[in-house]
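Chain by chain, the residues:
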Amino acid sequence: MDPDMPWYSSPSPYLLFSSLLALLALLVVPHLSHHRRPLLSSCFVTSRVGRGTPICVLASPCHPESNMKTVGSQNYHTFSACSRPELWQVLEDETHPLNAAWPVFLDQDTCFQRYHRQLAKYDGLAEFQYAVVEEICGHEKVIACGRSIPFYWPELDQVGGRAGLNSHPELWNTLPDTGYDAILSRGVNQYLRRQGILSLESAKSPSGPQTVEYIDGVCNLSDPPNALSAISITIHPDYRSLGIAESLIQTMKQAARRRNLQILVVPLRPTRKSDYPFVSMEEYITWSQRPRKEDIDLPFDPWLRKHVRLGGKIVKVAHKSMHVEGSIAAWQQWTQCDQWKSHASSIKLENHTNRLYIDFSFPGGLSPLRLYVQENRCVYTEPNVWLYHEVHKLST
């Protein structure tokens with residue numbers, strides 16, 4: 001083009017052809033890219049994401065697409081493990097940042113070891129497992145996950161289901177004292193029973209002869225599930241305070257409503273309890289504070305407080321929610337500490353067993369670790385908090 005030619009002069013045939021190609025690209029490429037799966041990446045963006053609007057996205061069960069929500073310049077999708085199993089293959093990596101967020105010693109819980117991988121294995125359970133991914137330039141990064149499991153609660157049936165919740169407060173006492181372990185084992189075993197895959201397994205630990213308290217007769221029931229339990233919600237630290245945790249709680253409530261499950265229960269692990277290991281959980285859950293610009297007292301613990309704000313109600317303490325045993329050497333490896341040495345003079349006698357022990361705090365523990373001196377063996381029993389969310393019926 002002549003540099004002296006005014007910009008509004010007649011364009012050349014070449015420019016007309018190029019413009020036509022560009023227009024066709026704009027019309028065709030978005031349509032084609034709708035069917036292209038973004039490339040999955042297990043790495044994480046290192047820069048922090050700014051605070052933004054809460055996300056609430058839900059993938060239809062066993063369907064390959066999900067809704068998308070944009071926060072700032074970021075795109076987030078939520079998929080079930082049924083619709084995108086490859087996302088959960090990424091999460092099988094023990095070094096994945098979402099797995100590293102949990103204390104290593106909790107991975108030694110025998111119930112967790114036995115059942116957690118089965119949540120994404122069967123379609124009937126996989127539809128209740130959720131991964132939140134961030135899409136950047138055609139690449140996906142898993143930034144959060146939520147695990148939940150449907151189960152049959154016989155006492156809930158006995159009071160008439162959802163309608164009997166308010167008139168039968170004694171129902172909450174039937175939630176198992178073994179919390180997380182009990183609900184995970186019940187959900188998996190009941191599902192396998194309904195599918196005709198498995199009968200009630202032997203109540204023995206895979207690592208030793210001790211009786212496993214979380215296996216009980218309820219595990220052997222094959223009735224259709226009537227409740228949903230949250231198992232865990234994990235958010236990458238760089239993506240917290242974006243409303244993703246709240247969105248996953250709401251997603252679980254929506255899933256329960258869609259499947260006509262009467263209630264959502266949670267064996268919750270309070271995030272700040274590890275700062276006060278020698279305070280009983282019963283006392284800890286009574287601690288409250290009044291946040292600024294609010295006229296009601298809310299739980300002191302941030303995770304409890306978040307659930308209460310979303311309508312959750314605290315029910316009771318699950319005193320033996322998780323259970324981990326191991327040698328002193330194993331615990332030193334799991335926790336990278338040997339604080340027991342500084343408590344050698346604090347030996348006590350356990351009345352019901354006549355065994356000598358030392359109780360001491362350790363990083364991440366919600367309660368003290370008990371070292372049985374003569375056996376050189378440590379036992380950790382973790383308390384959690386049972387709470388529930390109402391699940392209202394779908395309007396017709």
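Scroll up to find the structure.
### Let's talk about helix α11 (residues 328-335)
Buried within α11 we find Ile-328, Ala-330, Trp-331, Trp-334 and Thr-335. Seen along its axis, α11 keeps its buried residues to an arc of 155°; they face one direction. Exposed and oriented more than 90 degrees from the buried face of α11 are Ala-329 and Gln-333. Along its buried surface, α11 packs onto β12 (313-327), β15 (369-372) and β16 (377-390). In the segment just after α11, Gln-336 is the residue with positive phi, at about 55°.

### A closer look at the packing of aromatic side chains
All chains considered together, the criterion is met by 18 aromatic pairs. Ring geometry for Tyr-76 and Tyr-239: centres 6.4 Å apart, planes at 85°, overall edge-to-face. Of this pair, Tyr-76 sits in strand β3 (residues 74-80) while Tyr-239 sits in the loop between β8 (227-235) and α8 (244-258), and the two are 163 residues apart along the sequence. In this structure, Tyr-76 and Tyr-239 share a single accessibility class: buried. Here the aromatic rings of Tyr-276 and Phe-300 are separated by 6.0 Å at their centres, their planes lie at 70°, and the arrangement is edge-to-face. With Tyr-276 in the loop between β9 (263-268) and α9 (281-284) and Phe-300 in the loop between β11 (298-299) and α10 (302-309), this pair connects stretches of sequence that are 24 residues apart. A network of ring pairs unites the aromatic residues Phe-105, Trp-331, Trp-334, Phe-362 and Tyr-380 as a single cluster. The side chain of Arg-84 reaches across the aromatic face of Phe-79, ending 4.6 Å from its centre. Above the face of the Tyr-372 ring, Arg-355 is positioned so that its terminal group lies 3.7 Å from the ring centre.

The rules behind these values
- Here the residue index of a chain counts from 1 through its sequence in written order.
- Per-residue local features are limited, in this predicted model, to residues with pLDDT of at least 70; the limit for side-chain atom pairs, both in listing and counting, is 80 or more; totals at the level of whole chains, interfaces and linings are taken over all residues.
- No hydrogens and no water enter the side-chain calculation; it runs on all heavy atoms of the structure.
- Buried means the residue's accessible area, taken with a 1.4 Å probe over protein chains only, is under 20% of the maximum for its type, while exposed means over 50%, and partly exposed covers the values in between.
- Each helix corresponds to a stretch of at least 4 residues labelled H or I by DSSP, and each strand to a stretch of at least 2 residues labelled E; elements are numbered beginning at the N terminus.
- By arc we mean the arc of the directions from the helix axis to the C-beta atoms, nothing more.
- Contact criterion: two residues are considered in contact whenever any of their non-hydrogen atoms come within 4.5 Å of each other.
- Whether two aromatic rings pair depends on their centres lying within 6.5 Å, for rings of Phe, Tyr and Trp, where Trp uses its six-membered ring; planes under 30 degrees apart make the pair stacked, over 60 edge-to-face, and the rest tilted.
- As a reminder, the over-ring test applies to NZ of lysine and CZ of arginine, requiring each to be within 6 Å of the ring centre and within 35 degrees of the ring normal.

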